[in-house]
Amino acid sequence: MNRRDFLTTATLTSAGIALNGCNESHHVAIDYSKHPKKHDATKHININKNKKTVIRLATSWPAHFPIMGTGVEKFAQRVEDISGGSLQIKIYPKNVLVPALAVFDACSSGQIDAFHSGPYYWKGKNSAFALFSGMPFGFTAEEINSWMLFGGGMDLWREQYAKYNLHPFLGGNTNIQMGGWFRKPIRSLADMQGLKMRIPGLGGEVFSRMGVNPILLPAGEIYTSLERGVIDATEWVGPALDIKMGFYKVAPYYYSGWHEPGSVLELTFNKHLWSKLAFEHQSMIEVASSELNANMATEFHAKNILALQELKKLNVTLAQFPNDVTEAGKKALIEVVRDLSAKNNDFANVYKSIASYLILSKEWSDVSLKYFLNIR
Ligand code: CA
């Protein structure tokens, strides 16, 4: 496929071409190998309103999916507005261009230009990728943003994804998630044995070592499986999204959680395409993705606080896991980390960075936020 065909849509009227009358290739701006200092790019205007650059971005969500889907739609609108229409990000909901979980490979190969999804979906390719989403008992949303942006996390992530010709950005955060919906109350670790639960990712591996039988189900099948007793429990996200799934009708025990304390979503570009974008367009994407990332965690908070009030009116029992369950979870996490680190150097290296940051972060968070939340 000729990348130019979709990088630039043909608004190249004769006037447009005349305006582009420099001897540089007129559809892409800068060859950074010739301009090793990025700042040099600011000496030139590299974009032209008469030729639109189009980026095809596929998501793992249905069209207009609340918060995650609408967040990335707003991002695309912001980019178009800020760029004066010279950069358009066309959003393709799941299964329109490629299946929901095929976006990583499709972007890596250049079939699509970008995607919005979650790094833990790719742990089958490399278990280290799960860590870029977060981990059980790990960082809060605020802490993982801090590790990513100021603690070396983003560098590790980009280094890993570069091997797949991908260039990731933070694409939002679910904020703290709930532990899930259970048909029966959990009174001790014994009640978890053999329990069939929909729970993916590292959380699923931890629950598996606690005696739970983790089951993977497409979103559309979770409710009926729960209703028919095919599964005994499911985690999803938090009140704002869970209430729409209706789980409370068939599994009314709603537990606080520790398996996804602040899951990172990703906004990832084909690295080759990224390197060809105009300097200004790259900057606009950086700024707009930063807004997307900040707003999503905040929007989850805003919608969760309202949805929790709704759930309380619906006979939902809010609960916390007994201590033996939580202690078993902590012990299981140590085993999962030990095994994955032994199998995969990338996992070991990323985990090492997380662990050293988390020790310091916990100390500060305990001294400040934990104290405050306890006394408020
Ligand atoms: Ca979840």
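As shown above, the structure is provided for reference.
Residues numbered from 1 in each chain as written. Predicted model: local features only at pLDDT ≥ 70, side-chain atom pairs only at ≥ 80, totals over all residues. Heavy atoms only, no water.

Let us look at the side chain of Asn 270. Secondary-structure assignment places Asn 270 in strand β10 (residues 264–270). With relative accessibility at 1%, the residue Asn 270 sits in the buried group. Within the structure, the side chain of Asn 270 is placed 3.0 Å from the backbone nitrogen of His 272, a separation counted as a polar contact. There is a polar contact of 2.9 Å between the side chain of Asn 270 and the backbone nitrogen of Leu 273. (Helix = DSSP H or I, 4+ residues; strand = E, 2+ residues; numbered from the N terminus. Buried < 20%, exposed > 50% of the residue type's maximum accessible area, 1.4 Å probe, protein only. Polar contact = N/O pair within 3.5 Å; in protein donor to acceptor, adjacent residues only side chain to side chain.)

Donor atoms from the polypeptide that bind the calcium ion are Gln 177 (OE1), Glu 235 (OE), Glu 235 (OE), Trp 236 (O) and Glu 260 (OE), placed at 2.2 to 2.8 Å. Counting gaps between the donor residues of the calcium ion yields the pattern Q-x57-E-W-x23-E. Using a relative accessible area of 2% as the deciding quantity, one classes Glu 235 as buried. (Donors = N, O, S within 2.8 Å, 3.2 Å for Na, K, Ca; no water.)

With that settled, the discussion passes to the sheet that holds strand β1 (residues 53–59). One open sheet holds the 5 strands; their spatial order is β2-β1-β3-β10-β4, and the pairing between them is mixed. For this open sheet the edge positions go to β2 (87–92) and β4 (166–173), each flanked by a neighbour on one side alone. Here the average twist between neighbouring strands, direction ignored, is 25°. Pairing between β1 and strand β3 (residues 114–117): 3 bridges, direction parallel. The residue bridging Leu 57 from the neighbouring strand is Ala 114, located in β3. On top of the sheet, helix α3 (residues 68–82) reaches β1, β2, β3 and β10; it is set at about 160° to β2, its chief contact. Helix-sheet contacts for helix α12 (residues 279–312) involve β1, β2, β3, β4 and β10, and the interaxial angle to β4 is about 30°. (Pairing = 2+ DSSP bridges. Axes fitted to C-alpha atoms, helices over the stretch in contact; angles between N-to-C directions. Contact = heavy atoms within 4.5 Å.)

What follows is about the pairing of β1. Of all 7 residues that make up β1, 7 are buried, and the element is covered over most of its length. Burial of the side chains of β1 extends over both faces: Thr 53, Ile 55, Leu 57 and Thr 59 are buried on one face and Val 54, Arg 56 and Ala 58 on the other. Taken together, the 6 bridges between β1 and β2 define a ladder with parallel strand orientation. The residue of β2 that forms the bridge with Ala 58 is Tyr 92. Between the parallel pair β1 and β2, the chain is carried across by α3, and the sense of this crossover is right-handed. (Right-handed = clockwise from strand over helix to strand, strands pointing away.)

A pair can form between side chains of opposite charge whenever their charged atoms are brought close. All chains considered together, the criterion is met by 10 salt bridges. Across the pair Lys 123 and Glu 205 runs a salt bridge whose closest N-O atoms are separated by 3.0 Å. One end of the pair, Lys 123, is in the loop between β3 and α5 (128–133); the other, Glu 205, is in helix α8 (residues 201–209), and 82 residues separate them in sequence. The partly exposed category is assigned to Glu 205, whose relative accessible area is 25%. Two residues, Lys 163 and Asp 346, come together in a salt bridge whose shortest N-O distance is 3.8 Å. Linking Lys 163 in the loop between α7 (153–162) and β4 with Asp 346 in helix α14 (residues 345–375), this pair joins segments that are 183 residues apart in sequence. (Salt bridge = Lys/Arg side-chain N within 4 Å of Asp/Glu carboxyl O.)

Two numbers describe how helix α6 (residues 141–150) lies on α14: the axes approach to 11 Å, and their chain directions differ by 130°. For the element pair α6 / α14, the angle class is oblique. Crossing hand, α6 versus α14: right-handed. Contacts between α6 and α14 involve Glu 143, Ser 146 and Trp 147 from the first element and Val 350, Ser 353, Ile 354, Tyr 357, Leu 358, Ser 361, Lys 362 and Ser 365 from the second. Classifying every residue of the contact of α6 with α14 by side-chain character gives 5 nonpolar, 4 polar and 2 charged. (Parallel < 35°, antiparallel > 145°, perpendicular 65-115°, else oblique. Left-handed = near helix turned anticlockwise from the far one by under 90°. Nonpolar A, V, L, I, M, F, W, Y, C, P; charged D, E, K, R; others polar.)

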